[in-house]
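Examination of the molecular architecture
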Amino acid sequence: MKWGFIAVLLTFNSAASAENFVKITQGTGGALGETKLYVVDYDCGYDQSRLRRYTSDLYGPGIFLEIATNFGVELKSQNAAATPGTATSAVVFNPVVISYRVKPAWTEPIAKATCPGQFFISGAETYMLAGKTGNTDEKNLSQFVGTVAGAIITGASAVYPMVRLTKPPEFDNSVNRVKDLVQAFSDFQNAFKVDASGKVDPPKELKVGKNSVTAYDHSGTRVAWLTLTVTPVVGLVKSNKTKFLSAYQTAAAATAISLDGNDDDLRQRCQQTKQMYFSSGIRDDTDIGFLLYKRMLQASGATREKIVKCIDDRATALAALDLLNRKNSPIAAIEKLQIKQEDIDNFLPIQAASDQPHTRTKLADEIDIFLDALGRHLRGQGLIGGQLAHLLDAFLPNIVIEDRTTDYRALNLMLPGPPKDSADLIREDVLAKLRSGGIIRWLCAQRTKRDQPGATLRIYDPNIDSAVMVVAAKASANDELDFGKSTLFGVHVLFAPAKVTEPLHIKKLVFEERFRDNILKANPGCVKNAPS
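Residues numbered from 1 in each chain as written. Predicted model: local features only at pLDDT ≥ 70, side-chain atom pairs only at ≥ 80, totals over all residues. Heavy atoms only, no water.

Digging into the overall build of the protein chain
In terms of regular secondary structure, the protein chain is built from 14 helices and 20 strands. Considering the protein chain as a whole, with its 532 residues, one finds that 53% of them fall into the buried category. Considering only intrachain contacts with a sequence separation of at least 6, the fraction spanning at least 24 residues in the protein chain is 77%. As displayed, the protein chain has an accessible area near 23,100 Å², and 50% of this comes from carbon and sulfur atoms. (Helix = DSSP H or I, 4+ residues; strand = E, 2+ residues; numbered from the N terminus. Buried < 20%, exposed > 50% of the residue type's maximum accessible area, 1.4 Å probe, protein only. Contact = heavy atoms within 4.5 Å. Areas by Shrake-Rupley, 256 points an atom, 1.4 Å probe, with all protein chains shown as cover.)

Quick look at the packing of aromatic side chains
For the structure shown, the criterion picks out three aromatic pairs. The interplanar angle of 70° and the centroid separation of 5.6 Å between the aromatic rings of Phe370 and Phe395 together place this pair among those described as edge-to-face. Of this pair, Phe370 sits in helix α10 (residues 363-381) while Phe395 sits in strand β15 (residues 395-403), placing them 25 residues apart in sequence. The burial state of Phe370 is the same as that of Phe395; both residues are buried. Arranged with centres 6.1 Å apart and planes meeting at 75°, the rings of Trp442 and Phe511 form a pair that is edge-to-face. Residue Trp442 is found in strand β17 (residues 439-447), and its partner Phe511 is found in strand β20 (residues 506-512); the two are separated by 69 residues along the sequence. The two residues Trp442 and Phe511 agree in class, both being buried. The ring of Trp225 has Arg222 sitting right over it, with the charged end atom 3.6 Å from the ring centre. (Phe/Tyr/Trp six-rings, centres within 6.5 Å; stacked < 30°, edge-to-face > 60°. Lys NZ or Arg CZ within 6 Å of the ring centre and 35° of its normal.)

Notes on the side chain of Asp285
Here Asp285 shows up in helix α6 (residues 285-297). Of the residues examined, Asp285 reaches a relative accessible area of 16% and is grouped as buried. Side-chain polar atoms of Asp285 contact the side chain of Arg458, separated by 2.7 Å. Ignoring anything within four residues of it in the chain, the contact list for Asp285 reads Ala315, Thr316, Ala319, Arg458 and Arg514. (Polar contact = N/O pair within 3.5 Å; in protein donor to acceptor, adjacent residues only side chain to side chain.)

Some words on the sheet that holds strand β16 (residues 422-426)
Strand pairing within a sheet occurs via backbone hydrogen bonds; the two strands may be parallel or antiparallel. Strand order in the open sheet made by the six strands is β16-β15-β20-β19-β18-β17, with mixed pairing throughout. One side of each edge strand has no neighbouring strand; the edge strands of this open sheet are β16 and β17. Each strand axis lies, on average, 25° off the axis of its neighbour in the sheet, ignoring direction. Examined bridge by bridge, β15 and β20 share five bridges and lie parallel to one another. Pairing of Ile401 across the sheet is with Leu509, part of β20. (Pairing = 2+ DSSP bridges. Axes fitted to C-alpha atoms, helices over the stretch in contact; angles between N-to-C directions.)

This is the structure we're talking about:
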């Protein structure tokens, strides 16, 4: 996880009471998931009638000369790569909730945020809510007032900087447009001299759910506040959160997927595009189908067949078809490029031939025995003799490891050097590489239920066609596995063809993240804080 922080700036004098005036309350939904996209709905406000009393409580009576008080929010990331448009300060979101002057005869607001609003964040970052104190006089403040009072940074303009990893080039323009505004707000916030008197709650991690930062006066009355409600994004199209998709739509409408080569070349290019979306937190079938369809419509020589083969997943193709058939469809395609149900049935059939043991009665028991032996060996209990031979016999002599995770994280742990999406290893090396990479905890076996395509929790992937998935974790032998903290992978286990009476031999392991959460939902006791 990369570290960032949200800094809350509120000015007051060190002569104020030792009691904290700023309270931070965390959400109750747990830590952010590393591979998820979240929407943050924020709201803020202040009580005009309490501002003068609040300043009096902070500074003491009789000091109302040219004092300015500010309450705002600043979102920072220490990972410069996450915010290329603002790499100097790494500030990506910093609205002023309320900034005001207190004079002998009146209280005058200087600038205030436009609330409510919305932005998106990636769970790959960790954000901290922290309090800072400071004050400024009229001389230091005046040069910034005009800029800040006329500048509003909205969730729409701050969309990309919140999201790490791959992005389309259209986002760069959005980042450049907002860069000057971000800097203006940063300069304004920095004009307030920091005071280390410790008048705010200590930093706290941003969590799923409703987080709040609230300023109180000495009587405990709320003066100003900001709430950040963090919710995982399930589907951007389905939930009408299309703001985040806007730049991707622009990219999709301007950039065609090349049709050069054969069908396998097309599938490979489309798979790489899916990985880009997946890496940015876009994981819903409808969202991916929508974006791929838009890209394919720009390709010279596109056909319904090629569109379906690019999508290359029946559930995603059906989601795209559903969008296409809506009354006000977001996909504008001429008649000859409007895919049909028959296209999906022809090129992505429901049940392709399978050599995997989907109907094997004792598959779960066999996998449980295998996972127990594998885990014991990798955790250092060193199987020897007949037990080690039995474990090795569960594999074919040569094994394929395929990595479909974000940034190829599984193979990066196992193999040094540049990123790889697959590797061919002898079975002894498989065990050695898993151990050296720290992927030593194997648990939570789950049938993929190929025969239940309408299952509530989708696990089966026809492009992999595994009969069983498991969860693998990079963790020490005694670590408590926690969904919000542990590095967890979904792993498809594929076997060489075998009759019901013959033992199974693993031929391939596919690490992925797309269905991992569904395995954990189906097995809620598998790890702590499993998704529900």
